[in-house]
Amino acid sequence: MARKPKIAVIMDENTSTGGERYDVSKHYFSAIGRAGGFAFGIPYAPDMVDDVIDEFDGFVSVGGRINFPAEWYVEGDQSQYPPSDRLAVDMALMKGFLGRNKPVLGICNGMQMLACLHGCRMVSDVRSFWSGALDHDRADVFHDVEMVAGTRMTGIVKADRFSVNTFHREAIVKASDAVVVTARGTDGVIEAIEVPGYAFAMGLQWHPERLDPESHPGGRVFDAFVAAAGAR
């Protein structure tokens, strides 16, 4: 019997309680399990980073709202979120997994980190920056995204357009040459990316862990991610 891939999931933080509690949705763990992997929550412990990179087959950087470096934003902008111990560990894990060519999936906050580590730039409030932008920061509202033909992610979701559940205020607005934009909202806002050259490095602004991959195209990325982790 084949060994199930072990997936490291960085824990999120409840910044509303002063940063004293880890707080991460169970949906990430159930989605990884449904796709055939074992998910393990990773705390903000710098001395664990090397061992996690060695022992795990893939890495998920989950959604969250933490203070990113000022240089990741367009000129004159900066994060409006509180600092978090998550940042240093999250970055070290993402860089380490990519350096070992192990699969990485970034969701919401995690997509922004993946993009900015590869030269993209973001804004702290997309509706203030992007004329005509939809209200993306509503957990109860779905909106359409349009996939970019010919990308690896479009081949995974097997659809050109579908509705997704995004809840983000920050957004990537400038893509670098190192990154391929794979989906945009109908307002033009970047909703998904991939970084060619790695075994698997993808980012989504929507939350695939809350979508059923059997019935929703936007949820199929977890299946491909876990399969890539298992293929190592």
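Being a predicted model, the structure only gives us computed values, none of them experimental. (Residues numbered from 1 in each chain as written. Predicted model: local features only at pLDDT ≥ 70, side-chain atom pairs only at ≥ 80, totals over all residues. Heavy atoms only, no water.)

Some remarks on the environment of Gly-188
Relative to the elements of secondary structure, Gly-188 occurs in the loop between strand S9 (180–185) and strand S10 (190–194). On the basis of relative accessible area, Gly-188 is assigned to the buried category, the value being 17%. Each C-alpha atom, one on Gly-188 and one on Ser-131, is 9.8 Å from the other, the two residues being 57 residues apart in sequence. (Helix = DSSP H or I, 4+ residues; strand = E, 2+ residues; numbered from the N terminus. Buried < 20%, exposed > 50% of the residue type's maximum accessible area, 1.4 Å probe, protein only.)

Focus on helix H7 (residues 221–230)
Note: α-helices contain 3.6 residues per turn, so residues at a spacing of three or four share the same orientation. Of all 10 residues that make up H7, 7 are buried, and the element is covered over most of its length. For H7, the full list of buried residues reads Val-221, Phe-222, Ala-224, Phe-225, Val-226, Ala-228 and Ala-229. In the core, the buried residues of H7 are packed alongside strand S1 (6–10), helix H1 (26–34), strand S3 (58–61), strand S4 (104–107), helix H6 (152–157) and strand S11 (201–204). (Contact = heavy atoms within 4.5 Å.)

Some remarks on the packing of helix H3 (residues 86–99) against helix H4 (residues 109–116)
Across the interface, H3 lies against H4 with an axial gap of 11 Å and an inter-helix angle of 60 degrees. The orientation of H3 relative to H4 falls into the category oblique. In the packing of H3 onto H4, the handedness of the crossing is right-handed. Seen from H3, the contacting residues are Arg-86, Leu-87, Asp-90, Met-91, Met-94 and Leu-98; seen from H4, they are Asn-109, Gly-110, Met-113 and Leu-114. (Axes fitted to C-alpha atoms, helices over the stretch in contact; angles between N-to-C directions. Parallel < 35°, antiparallel > 145°, perpendicular 65-115°, else oblique. Left-handed = near helix turned anticlockwise from the far one by under 90°.)

Describing the packing of aromatic side chains
Counted by the stated rule, this structure contains 6 aromatic pairs. Plain terms: the ring middles of Phe-59 and Phe-97 are 5.5 Å apart, the flat faces sit at 20 degrees to each other, and that makes the pair stacked. Placement of the pair is Phe-59 in strand S3 and Phe-97 in helix H3, with a sequence separation of 38 residues. Each member of the pair Phe-59 and Phe-97 is classed as buried. (Phe/Tyr/Trp six-rings, centres within 6.5 Å; stacked < 30°, edge-to-face > 60°.)

Digging into the pattern of salt bridges
A complete count under the given rule lists 6 salt bridges for this structure. For Asp-54, the salt bridge is made with Arg-100, and the minimal N-O distance between the two is 2.7 Å. A residue pair is termed long-range when its members are at least 10 positions apart, and Asp-54 in helix H2 (residues 49–55) and Arg-100 in the loop between H3 and S4 qualify at 46 residues. Of the residues examined, Arg-100 reaches a relative accessible area of 40% and is grouped as partly exposed. Each of Asp-12, Arg-86 and Asp-90 takes part in a single network of salt bridges with overlapping partners. (Salt bridge = Lys/Arg side-chain N within 4 Å of Asp/Glu carboxyl O.)

Let's talk about a negative patch on the surface
Residues Asp-47, Asp-50, Asp-51 and Glu-55 make up a contiguous surface patch of negative charge. Here Asp-50 shows up in helix H2. (Patch = residues over 30% accessible without salt bridge, like charges linked within 9 Å, V, L, I, M, F, W, Y side chains within 5 Å. Areas by Shrake-Rupley, 256 points an atom, 1.4 Å probe, with all protein chains shown as cover. Lys, Arg positive; Asp, Glu negative; His and termini not counted. Charge placed at Lys NZ, Arg CZ, Asp CG, Glu CD.)

Focus on the nonpolar core
Formed by 70 residues in total, the largest nonpolar core has its most connected members in Val-60, Leu-93, Phe-97, Leu-105, Phe-200 and Trp-206. With residues up to four places along the chain from it excluded, the contact list for Phe-200 reads Lys-102, Pro-103, Val-104, Leu-105, Arg-152, Ile-156, Val-221, Ala-224, Phe-225 and Ala-228. Core analysis: the second largest hydrophobic core is formed by 8 residues, Val-123, Trp-130, Ala-171 and Val-173 among them. (Core = buried A, V, L, I, M, F, W, Y, C linked by side-chain atoms within 4.5 Å.)

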